[in-house]
Each structure stands twice: as structure tokens, then as C-alpha cells.
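What follows is the residue order along each chain.
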Amino acid sequence: MAIWEKTMRFLRNVWYAAAWAEQVGEQPIGRTIIEQPVALYRLANGTLVALVDVCPHRFAPLSEGKVIDDALECPYHGLRFGTNGSCVLNPHGPIAAKMNIRSYPVVERHGIVWIWLGRTTSPDQDAIPDLSFMDIVPGRKTVHNYHGTLDFRFDILIDNLLDLSHEDYLHRGNFSGGAGDPPELAVREECSMVVVERTARRMPQRPRYEYIGEHVDVKYVIRWWPNQVFAFERRYSNSDNPEGPSVTARFCHIGTPETEARTHYFHAVTREDRLDDLAVDENIAMISKDVIVGEDGSMLRAIDRRMLGAELMDLNPVILPTDVGGMRARAVMRRLLDYENDLEQ
Amino acid sequence: MAIWEKTMRFLRNVWYAAAWAEQVGEQPIGRTIIEQPVALYRLANGTLVALVDVCPHRFAPLSEGKVIDDALECPYHGLRFGTNGSCVLNPHGPIAAKMNIRSYPVVERHGIVWIWLGRTTSPDQDAIPDLSFMDIVPGRKTVHNYHGTLDFRFDILIDNLLDLSHEDYLHRGNFSGGAGDPPELAVREECSMVVVERTARRMPQRPRYEYIGEHVDVKYVIRWWPNQVFAFERRYSNSDNPEGPSVTARFCHIGTPETEARTHYFHAVTREDRLDDLAVDENIAMISKDVIVGEDGSMLRAIDRRMLGAELMDLNPVILPTDVGGMRARAVMRRLLDYENDLEQ
Amino acid sequence: MAIWEKTMRFLRNVWYAAAWAEQVGEQPIGRTIIEQPVALYRLANGTLVALVDVCPHRFAPLSEGKVIDDALECPYHGLRFGTNGSCVLNPHGPIAAKMNIRSYPVVERHGIVWIWLGRTTSPDQDAIPDLSFMDIVPGRKTVHNYHGTLDFRFDILIDNLLDLSHEDYLHRGNFSGGAGDPPELAVREECSMVVVERTARRMPQRPRYEYIGEHVDVKYVIRWWPNQVFAFERRYSNSDNPEGPSVTARFCHIGTPETEARTHYFHAVTREDRLDDLAVDENIAMISKDVIVGEDGSMLRAIDRRMLGAELMDLNPVILPTDVGGMRARAVMRRLLDYENDLEQ
């Protein structure tokens, strides 16, 4: 196992979101995921290819090379690698088995390029989270945001996104819930997926949705998967008339680990109205950046610095009732990591 | 003891200068002192508060929160902490003892906010250095400069400030002493304070002070305390007529350790003439920055890099007669650090 | 042995190129070579001086001091050191043997300032590589480029410069060889010097040299020395008429290690035509920067990052036939390093 294939506190045997589908074209891009450099590109027919982004000869970044006849040419000395990682051309001598490199299973689904960095060579695609609410269908639009890599370790995001009580403080002004009874929380686990249901009853009227009623029930269903995908469904309904008008929003956050220190941040919002209004798209992108990079990103960076690389639970933190979802997700992570570490023995 | 309370080669049981009095208001500020993040603010009545700048729940920086009803609200999830560190509000459930955080004794004196990060909870305020020459009294003015954190380890400053012979080289042009007999040095120790008296006799006339005489005696009295406070008194007098006219200047330097790599730098100059002339204030601030940041700061940074984190005495340095003050101060530091380390066992 | 004299994976007992001759004048400059800070300057008569760039008193950078009466004055407290490193003036007391510092043998030859950081005090100047093709003689001109320190470990340059097959890929557009039979390679070793001869036969016409013929033989002779000096001779001749017109270019690359992470890069090109045309000089400088800093520098930096500080051979790289020169040079390095390490025991 080469240095760049060593993993540390990351799960390997999951499908990681590597890019939005439209970020990967025929010109290769390089992205590091759980510390493994990956070159991603498409063949002319759209087929995705993912290769380790390190030439086996002198360790050049293949993602800076050209694709020629569907093969990726090393930008340093011209070795070429086919879509399965086999060396298909050595301009300087015979081809040897040692010149083959690793290719990774890669799948496009729900607008996302998913990559498998784990041990199995034929991983189960059913393990990809069901984000079909983001699929492109008539009457629906999804705005994709990629905020690059943010400056914190990925797991700090679990506590952030599975405990929305921080909205009233960190995001005060952006989408504070306002007064109301404390929300009800229910957490369940389904095959390593954690589902948090959070219902805030009799909240004040929501801007833009006054027609729903004077008091509104706000119900979130948040699904978290161990590949750090978070799918959100938020429903506003009339507190006094559950059968009355309601409105549902769906969006997702994804925090793919780049290294132990930095996290790729993907964010998408779907909608079913004003599809052609580009001002809505721009507004979503702007708020996404303000809130995720500006507010959460700054906070999580400050927290990361204070944790000095330690594990959360080793620091003996206060646990609040609102942490129930995050605690469950961290327990799942711990269980899966222990399992993977046992496999490595 | 949490990670952020661990100390290394710093003394803990001293009063550290955390800020100039006017730097701390009702809006909290965050400052790291001997590697411990601290949130500092004042109540409406002026009372100072110092709390550990880390929420016990998810380690958010409390200094970025709001003060509400004299309590500091965590900017992440809204826990509130009173002036003694007790959790006074948990919006998400019952309050538990584990939610209490550490508050630090904090005192305003001589225009400085002093903080106690040591073990004792009722430390002796008499241990604060007597800098009453900087107190605000009629007919006196003190200009405060804060140069942020400079890029060197705090103890390199000891050798710099207790051996003024570097003025003739590093500060040549700014306030070189010029020709004259070598200065006389006397060093004494008073309860962990080191006093260096340095007298240069029959120096040339001083600019602006020609009335003192053709030849001038320049006498410095420098007092150093183990919290890295350096108080200076400099007297010009007539070499041939000790009872004749003289003029005395008083100022102080303080190098509070932020981390092992960086040092907060405070500098103050008092005067008793031209109190209302703001151009004098500005000139003091400008020279302070030029000399301390530009000349000493660059030199100490270069030295710090060459020492590669080692202790001075472990590098077997040449000791000059002019180092007598610095050597004494370092011996006091060593003795006090050993004593504190014994206490920790 | 002080910290700054510790070496790691660098050879010590070689002459390193420290500067171009014209970079060293009467005002000292500081340069770090194999992690040892060095102060370099000239006496008024042109004699070169090299001293350790660390005062033995408080470790100030001597290269920031003044030269007074041929001695270098410490910019911090004024100790002065003669050209052999002896302390010649202590303004604060008597001179002691401990105040003497190390001076290094230093020689100007072939337009380069060579320094000896090794154990011997009278090293053999014949060990300096013969670069007399760069000497200043009537009818010849040499353009010197110094690209500062580039962001990769020095030894990665060996594989780059001793295997020119990368020209067809990394430098495609700049000086790709174009179609032709694969070059012939011959490697030989002469007393720790490695010579690579590389002949590409029947290449297409070369721009500016159409008069040579329709088909051109391109022969490189590259000499590498363990101080990371690479001398190049490149000859174009008529493939069908070996006795016909030909043209020869000579240039050199030098990669002096600064630290384990960065490398000083020197590049020189000689010519014997258009000596007075400054546009040629400027063009050489521009291409040198584009190719070395822009193309090779970026590539070697990316490779360095992927190697994570490991030794090349420990990463089990693919070896191509074109690597024969680099492999030989690395074997020489390994042998000499082992020999030096044995000496240190």
C-alpha cells in the first residue's frame, strides 16, 4: 500500500461525493479525497473515469495530463493509462505489470459523481444514498454549490448539521426560528443511516408563506449517511389545521473529507417554483456562501483550532439533549471505523 | 485538565498583562495567553470579566458571543455563562455542573488588565508589579502601544531589554549612546524581581536637553518581573554637577507569551510635559512601532528561527559581561519554573 | 556541533555553488545551504569571505551587519569577526576563544562562488567541477540566472535533468524533439561524476539551424556531479554528413540544497554569437524562468508533495530505460552519503 493510499480516521468503504456531475468533463481534474489524490475525467461518450492521480514512475500528477484515445497521458514522461488503470503505452520501452495503476469505481447519480476508494472492486451501488429528490425531472430545479475545501475536520460538521438549534444563535438574522415551544426530536437508525426528525410547533408566520397560517409547524427530516451526506426535508404546515396548505423544501449538504484538516463542501437546493428565474438561483448561491462559508465555516474553523486534532469524545464535552442525532451518528462512525480497522489487521 | 489548559515552558502563577485597560469594553475580545484562549469583557459598571474562551459543549469561541444580562452567551448554541463561569442558562435542557467553565481573576491596575491563569483562586494582588509611575494623575500622560503578537518566543526579549548595549548597534541612528566610557552595571534581585542599574558617564550632550550640560551621565534603572514586565527609568544629569539640572523618563515594555512561538507586545511611555500636544503622542507611537516591530522584532524573529525551539543555555552561548542582568532573570525563571513543575507532580 | 551545523540527507564534503560571482559584493548576503546559514561578502580587494551566519553570543544573523576594517560586525551587539572567523573585537569585554566562529573555504571559479561546508579545512579545489566552458573569454558570453529557492527537495532534480525524455511532454511546445527514432543512451561513471550521452538520430530540421541539413542528429553530453551540478553540451549535426556543418550549445543547471524542502536554482547559458545583442540575453532569461520555474518547478513541487518526504527508492517506483542516468547518480549519492555517515560515527 503506497503512502497516498494510507487512510487514517476516515471510512474507506463508502461512496464519497467527489464532484458535481457538471464539474467533471473531458479535461481531467485533480481532487484529493480521504488523502488520496484522484484524477477524474470523462470519455467523449460521457463515461466517467477515476484514476489514482500519481504516476507510478516518478509520481507526477496525472490530472495535469492530456486524454488521448480515451487514455490519460502522464504530463511528465508520457506513460498512458487506460480507463481501468492499465498502462497502455510506454514510449520508452516495454510495458510491465508494475506500470498499472489503480482505477476507482465511479458512478454518476443524483447529479453527483460518486467514487469508491474502498477495498472491494465491485462495490454495491445500492449503498449510494438515495438523493432522488435532486434528480432532474420536469418541474424541478436543483442549484449546485461547491464551496471548495473548508478549513476544518469533516466530523465537526456532524454536530453542526444534526443539531439545528444553532440556527437561533449562529444564524440569527438569517433563519432564526423565533419564539415557540422547544422542538421535539426523534432519532432512529436504519442500516447505518441516522434519521433525525425535528418538529417545532406553533412557530410565528414564515415570510413568503403567510398563506399557511398564523402559527406554523416546522418539521425537519434530516438523513445522515456515513459518507457525510446530509439530506434535508423541511415542511411548513398550519399548526391549527394539519390538512391545510403546506410547503416543503428539500436540500442537501455534503462534507467529503479531503484530509484530516480540510473538507470539501457541497450544497444543493431544489425547488419546484420560479424555475426560470435566475435571480432565485443567484440568491440561493449567495446565501449558501454567506451562511456556509461565512457563518458555519468560521465557527467550525475556530472549533477545529481549539480541539488541536483530538477526537471530540476524548475531550469530554458537555452533551445536550439536542445532540442526540450527532451522538448517534458518531456512534455509527465509531462502529464502522472499528470494523474497517479490524479488516485491515 | 483540558488541552487548552496545558502549560509548557510558561510560568502560570503570575499576573499576566492581557490588555491595556481601554482595549477591553462591553464587547468581548479573545486573547490567547500562555496558550490558553481567554474571553475578556466588562460589565456595564466597568467590572472586568475573564472566562476561558471555549464553550464546554462544542468548544466554540465564547468571545464571539453577546453579553446578555451580564452573562456571556455562546455564539453557537446559546449557553450562557455568568461572571464566575457558572452556566446560568441552557436553552436546551437542565443546567448541570459540568457546564460551568473556568473564570479567571482579573484586575485593572496601572492602566493594564492583569489576568491570573494559575492554580490559586484567590491570588495575591500585591504580586502585580508596581507600575504606579504610569497611573493617571494630574500633570502626567501615558501613551499606550499594543503591537499585536510578534513572531518570537517571549524569553528572547529578556536578553534584549536587560542588555541595552544593543542600542549602539541595532538602534544606531535611533538612540545610539555615542562615545563615552563603558557603562557601569549593577544587578540585584528582590523577591524574584531583577533590577539592573546601568550608568554611562560623561556622554555627549543629548538633543533637546542641552541645558543639562556639556557632558551627561545617563543612568537607567530597569526592573524586570517574571511575568515579563520591564519598567524603565532613565535619568540624564550633568556629569560635572550632580546637583544640577536633570531630566527623568519612564516607560515600560511587556512581553506576554501568547504561545511558544509568539509574544504579545505592550509598550508605554509616560511624560510630564506637552501633555496636550497630540503630535508628541503620534511621534511616540511611530517610533515605538519603528523600533520595536521594525528593529527589535525583525532581529528577535531571525534569532528565534536560528534557535530552532531550543533553550538558550542548551545552545551554549557566549556570555558577555553585559548579559549579567539577563542571566540573573533567566536564573529566576528557571527556579520558578522548576518550582511550578514540582507543584504539578 | 551546534544545531545549525547538523546535516541530514545532504552530502557535506563537496563544494556547493552558493551564488553567482556577481551576486556577492562588499555588502554581506545571507544564504542557507544544506540547512547551514552562511554570510557571504567580499573584501575591498575582491577576496571572498564566508562565515557562519550566526553570532555565537545571541545567534543574530551576521549577514545583516556591516563590514568594518575587513571584519564583519554583528548587528546586535557589535562583536566583530575577521575573515577566518576569529573574534577581533568585543566592545564589552575581553575576547575569548569561544567567541571565534566557523569560516568556510570559499572559491570563485567559472563565475560561481563555491563554498565548502565539510569537515576538512583545506579541501581540494580540484574537486570543483570543471565548468570552464562558462569562463569569460573573448568571443563568448554567459547569461546567469538565479531563480531563488524552488519548492522541492533537491534530489528530485536528478531524475528530471538526467532524463531528457520529459522534454517531449512537459516542455512540449518549448523544445519538444519531435518524431524520430528513440534516442540512444550511454552512461558512464568517472570518479563520482556521472556522464549521460544521449543521441537522437535523424530528427527534423531545427529552427534557426536549417543550414545544417534536412535531418539532424541531436547529441547531448550531460555531466552530473554529487554537488548537484549539471553541465550540458548539445550538438546538432547533419545526419547524412557527419563532417558537415554543426552547432554546439553549452549550458548548466545547478540545484544547491537549501533545506530538505527547498532548492536554490542556478542556470547559465553560454553563446558565441550575437554577443552584444541584449535582446538575446533577455530572451534567455525569460525562457529560463518560464521553463524552469513555470514548467519544471511546478511539476517537481507537485511530485515533492506526493512523496511526503520519503526517499524515492523507498516508494518502489517504476524504473524506465530512460532512468539509467538518474539511477546511476542516485547510486553514487547513496554510496557517498553512506561513506560520510560512517565518518560521523
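About the cut-offs
Residues numbered from 1 in each chain as written. Chains lettered and ligands numbered in written order. Predicted model: local features only at pLDDT ≥ 70, side-chain atom pairs only at ≥ 80, totals over all residues. Heavy atoms only, no water. Helix = DSSP H or I, 4+ residues; strand = E, 2+ residues; numbered from the N terminus. Buried < 20%, exposed > 50% of the residue type's maximum accessible area, 1.4 Å probe, protein only. Areas by Shrake-Rupley, 256 points an atom, 1.4 Å probe, with all protein chains shown as cover. Lys, Arg positive; Asp, Glu negative; His and termini not counted. Charge placed at Lys NZ, Arg CZ, Asp CG, Glu CD. Least-squares fit on C-alpha atoms with pLDDT ≥ 70 in both. Contact = heavy atoms within 4.5 Å. Pairing = 2+ DSSP bridges. Axes fitted to C-alpha atoms, helices over the stretch in contact; angles between N-to-C directions. Expected span 1.5 Å × (residues − 1). Buried area = accessible area lost by both parts, 1.4 Å probe. Salt bridge = Lys/Arg side-chain N within 4 Å of Asp/Glu carboxyl O. Polar contact = N/O pair within 3.5 Å; in protein donor to acceptor, adjacent residues only side chain to side chain. Nonpolar A, V, L, I, M, F, W, Y, C, P; charged D, E, K, R; others polar. Phe/Tyr/Trp six-rings, centres within 6.5 Å; stacked < 30°, edge-to-face > 60°. Lys NZ or Arg CZ within 6 Å of the ring centre and 35° of its normal. pLDDT = per-residue confidence, 0-100. Disulfide = S-S within 2.5 Å.

Asker: What's the story with the overall build of chain A in this structure? I'm lost.
Answerer: Helix and strand counts for chain A come out as three helices and 17 strands. Projecting the C-alpha coordinates of chain A onto the three principal axes gives extents of approximately 80 × 50 × 35 Å. Buried positions account for 54% of the 345 residues belonging to chain A. Accessible surface, chain A: about 14600 Å² in total, of which carbon and sulfur atoms supply 50%. Side chains of chain A carry 38 positive and 50 negative charges; the gap between the two charge centres is 3 Å.

Asker: Looking at this structure, I do not really get the relation of the copies chain A and chain B. What am I missing?
Answerer: Copy one and copy two of the chain differ by a rotation about a common axis and a shift along it. Superposition of chain A onto chain B requires a rotation of 120° combined with a translation of 0.0 Å along the rotation axis, giving an RMSD of 0.0 Å. In symmetry terms, the pair is related by a three-fold rotation axis.

Asker: Got a minute to help me understand the environment of Val196 of chain B in this structure?
Answerer: All names here are of chain B. Counting through the fold element by element, Val196 comes out in strand 13 (residues 193-204). Relative accessible area serves as the criterion here: at 1%, Val196 is assigned to the buried category. A C-alpha to C-alpha distance of 9.6 Å links Val196 and Phe232, two positions 36 residues apart in sequence. Those residues within four positions of Val196 in sequence are excluded, and the remaining contacts are Leu162, Leu185, Ala186, Val187, Tyr220, Val221, Ile222 and Gly325.

Asker: Looking at this structure, how should I read the sheet that holds strand 12 (residues 184-190) of chain A?
Answerer: By way of backbone hydrogen bonds, the strands of a sheet pair with one another, either parallel or antiparallel. All names here are of chain A. Here seven strands make up an open sheet; going across it, the order is 11-17-16-15-14-13-12 and the pairing antiparallel. The two strands at the open ends of the sheet, each matched to only one other strand, are strand 11 (141-150) and strand 12. Taken over all neighbouring pairs, the strand axes of this sheet differ in orientation by 15° on average, direction set aside. For strand 16 (residues 241-257) and strand 17 (residues 263-271), the ladder comprises eight bridges, and the chain directions are antiparallel. The residue of strand 17 that forms the bridge with Pro257 is Thr263. The strands that helix 2 (residues 278-307) touches are strand 11, strand 16 and strand 17; relative to strand 11, the one it contacts most, it runs at about 30°. Where helix 3 (residues 324-344) meets the sheet, it contacts strand 12, strand 13 (193-204) and strand 14 (215-225), and its direction lies at approximately 15° from that of strand 12.

Asker: Mind showing me how you'd approach helix 3 (residues 324-344) of chain C here?
Answerer: Side chains three or four residues apart in an α-helix point the same way, a direct result of the helix having 3.6 residues per turn. Residues and elements named next belong to chain C. Taking 1.5 Å of rise per residue, the 21 residues of helix 3 would be expected to cover 30 Å, and the 30 Å separating its terminal C-alpha atoms lies within 8% of that figure. Of the positions making up helix 3, those classed as buried are Gly325, Gly326, Met327, Ala329, Arg330, Val332, Met333, Leu337 and Glu340. Here the buried face of helix 3 lies against helix 1 (156-161), strand 12 (184-190), strand 13 (193-204) and strand 14 (215-225).

Asker: Where do I start with the sheet that holds strand 5 (residues 66-68) of chain A in this structure?
Answerer: All names here are of chain A. Reading across the sheet, the four strands line up as 5-6-7-8 and stay open at both edges, with antiparallel pairing between neighbours. The open sheet terminates on both sides in strands that have one partner only, identified here as strand 5 and strand 8 (87-89). Bridge analysis of strand 6 (residues 71-73) against strand 7 (residues 80-81) gives two bridges, and the strand direction is antiparallel. Residue Glu73 lies in a different strand from strand 7, and its bridge partner there is Arg80.

Asker: How should the interface of chain A and chain B be read in this particular structure?
Answerer: For an interface, size is often stated in terms of accessible area lost upon the parts coming together. At the interface, 27 residues of chain A touch 25 residues of chain B. Counting each side, the surface lost to burial between chain A and chain B is near 2300 Å², with a carbon and sulfur contribution of 66%. At the surface where chain A touches chain B, the tally comes to four salt bridges. Residue Arg58 of chain B pairs with Asp159 of chain A through a salt bridge whose shortest N-O separation is 3.7 Å. Put simply, chain A and chain B have 11 residue pairs in polar contact (both at pLDDT 80 or more) between them. Those elements giving two or more residues to the side of chain A that touches chain B turn out to be helix 1 (156-161) and helix 2 of chain A. Per-class residue counts for the side of chain A that touches chain B are 17 nonpolar, five polar and five charged.

Asker: How should I be thinking about the interface of chain C and chain B in this particular structure?
Answerer: Each side of the interface is counted separately: chain C has 25 residues, and chain B has 27 residues. When residues of chain C are sorted by the area they lose upon contact with chain B, Arg58, Phe59 and Tyr76 of chain C head the list and together hold 33% of the total. The tally of links between chain C and chain B comes to four salt bridges. Where chain C meets chain B, there are 11 residue pairs in polar contact (both at pLDDT 80 or more).

Asker: Explain the pairing of strand 12 (residues 184-190) of chain B to me, please; I cannot follow it from the model alone.
Answerer: Note: strand 12 of chain B against strand 13 of chain B, seven bridges, orientation antiparallel. Across the sheet, Leu185 of chain B pairs through a bridge with Arg198 of chain B, a residue of strand 13 of chain B.

Asker: How should I be thinking about the pattern of salt bridges in this particular structure?
Answerer: Between side chains of opposite charge, pairing is possible as soon as their charged atoms come close. Enumeration over the complete set of coordinates arrives at 87 salt bridges over all chains. Note that Arg335 of chain A is salt-bridged to Glu189 of chain A, the shortest N-O span being 3.0 Å. Here the residue Arg335 of chain A occupies a position in helix 3, and Glu189 of chain A occupies one in strand 12, the gap between them amounting to 146 residues. Under the relative-accessibility criterion, Glu189 of chain A is labelled partly exposed at 30%. Here the salt bridges do not stand alone but share partners, grouping Arg9, Arg153, Asp155, Asp159, Glu260, Glu311, Asp323 and Arg330 of chain A together with Arg58 of chain B into one network.

Asker: Please clarify how the pairing of strand 15 (residues 229-238) of chain C should be interpreted in this entry.
Answerer: Looking along a regular strand, one sees side chains alternate from face to face of the sheet. All names here are of chain C. Buried residues dominate strand 15, accounting for eight of its 10 residues. In this structure, strand 14 lies alongside strand 15, joined through 10 bridges in antiparallel fashion. Bridged to Tyr220 within strand 15 is Arg234.

Asker: Got a minute to help me understand the environment of Tyr209 of chain B in this structure?
Answerer: Residues and elements named next belong to chain B. Counting through the fold element by element, Tyr209 comes out in the loop between strand 13 and strand 14 (215-225). As a C-alpha pair, Tyr209 and Leu72 span 137 residues in sequence and 52 Å in three-dimensional space. Those residues within four positions of Tyr209 in sequence are excluded, and the remaining contacts are Tyr236 and Val247.

Asker: It is not clear to me how the side chain of Ser288 of chain B should be interpreted in this structure. Could you clarify?
Answerer: Here Ser288 of chain B lies in helix 2 (residues 278-307). Excluding residues within four positions of it along the chain, Ser288 of chain B makes contact with Asn145, His147, His267 and Val293 of chain B.

Asker: Just to check I follow, could you spell out the packing of aromatic side chains for this structure?
Answerer: The description of an aromatic ring pair uses the distance of the two centres, along with the angle that the planes make with each other. Applying the stated criterion across every chain, the model contains 21 aromatic pairs over all chains. Taking 5.7 Å as the distance between ring centres and 85° as the angle between the ring planes, the aromatic pair formed by Trp20 of chain B and Phe266 of chain B counts as edge-to-face. Separated by 246 residues along the polypeptide, Trp20 of chain B in strand 1 (residues 15-20) and Phe266 of chain B in strand 17 (residues 263-271) bring together distant segments of the chain. Across the pair, exposure class does not vary: Trp20 of chain B and Phe266 of chain B are buried alike. Where Tyr209 of chain B meets Tyr211 of chain B, the ring centres are 6.3 Å apart and the plane angle is 70°; that geometry is what we call edge-to-face. Pairwise contacts between aromatic rings join Trp20, Tyr146 and Phe266 of chain A into one cluster. When the ring centre of Tyr146 of chain A is taken as origin, the NZ or CZ atom of Arg31 of chain A, which lies over that ring, is 4.2 Å away.

Asker: What is the right way to read the side chain of Asp217 of chain B from this model?
Answerer: Residue and element names in this part refer to chain B. The residue Asp217 is located in strand 14 in this model. With relative accessibility at 12%, the residue Asp217 sits in the buried group. Side-chain polar atoms of Asp217 contact the side chain of Arg201, separated by 3.3 Å. Among residues more than four places away in sequence, those in contact with Asp217 are Ala200, Arg201, Arg202, Arg235, Tyr236, Ser237 and Ser239.

Asker: What is the right way to read the confidence of the model for chain A from this model?
Answerer: In low-pLDDT segments, the atomic positions of the prediction should not be examined closely. All names here are of chain A. Residue-level pLDDT values for chain A average 93, and 95% of them are 70 or greater. Across residues 1-7, where pLDDT falls below 50, the model places 23 contacts with residues more than four positions away in sequence or in other chains. Interface confidence for the predicted complex, given as ipTM, is 0.93, next to a pTM of 0.93.

Asker: Explanation requested: the environment of Phe266 of chain A in the structure shown.
Answerer: Residues and elements named next belong to chain A. For Phe266, a relative accessible area of 1% gives the class buried. In sequence terms Phe266 and Gly25 are 241 residues apart; their C-alpha atoms lie 18 Å from each other. The residues contacting Phe266, other than those within four sequence positions of it, are Ala17, Ala18, Ala19, Trp20, Gln23, Arg31, Asn145, Tyr146, Cys252, His253, Ile254 and Thr256.

Asker: Explanation requested: the state of the cysteines in the structure shown.
Answerer: Linking two cysteines covalently through their sulfur atoms gives a disulfide. As enumerated under the stated definition, the model contains zero disulfides over all chains in all. Residue Cys55 of chain A stays outside any disulfide, its sulfur separated by 3.9 Å from that of Cys74 of chain A, the closest cysteine.

Asker: Hey, could you run me through unusual backbone geometry in this one?
Answerer: Note: most residues except glycine have negative phi, and most peptide bonds are trans. Even without a glycine there, the phi angle at Glu35 of chain A is positive, about 70°. On the secondary structure map, Glu35 of chain A appears in the loop between strand 2 (29-33) and strand 3 (36-42). What makes Glu35 of chain A partly exposed here is its relative accessible area of 25%. Positioned with a positive phi, Arg274 of chain B is a non-glycine residue whose angle comes to about 45°. One can find Arg274 of chain B in the loop between strand 17 and helix 2.

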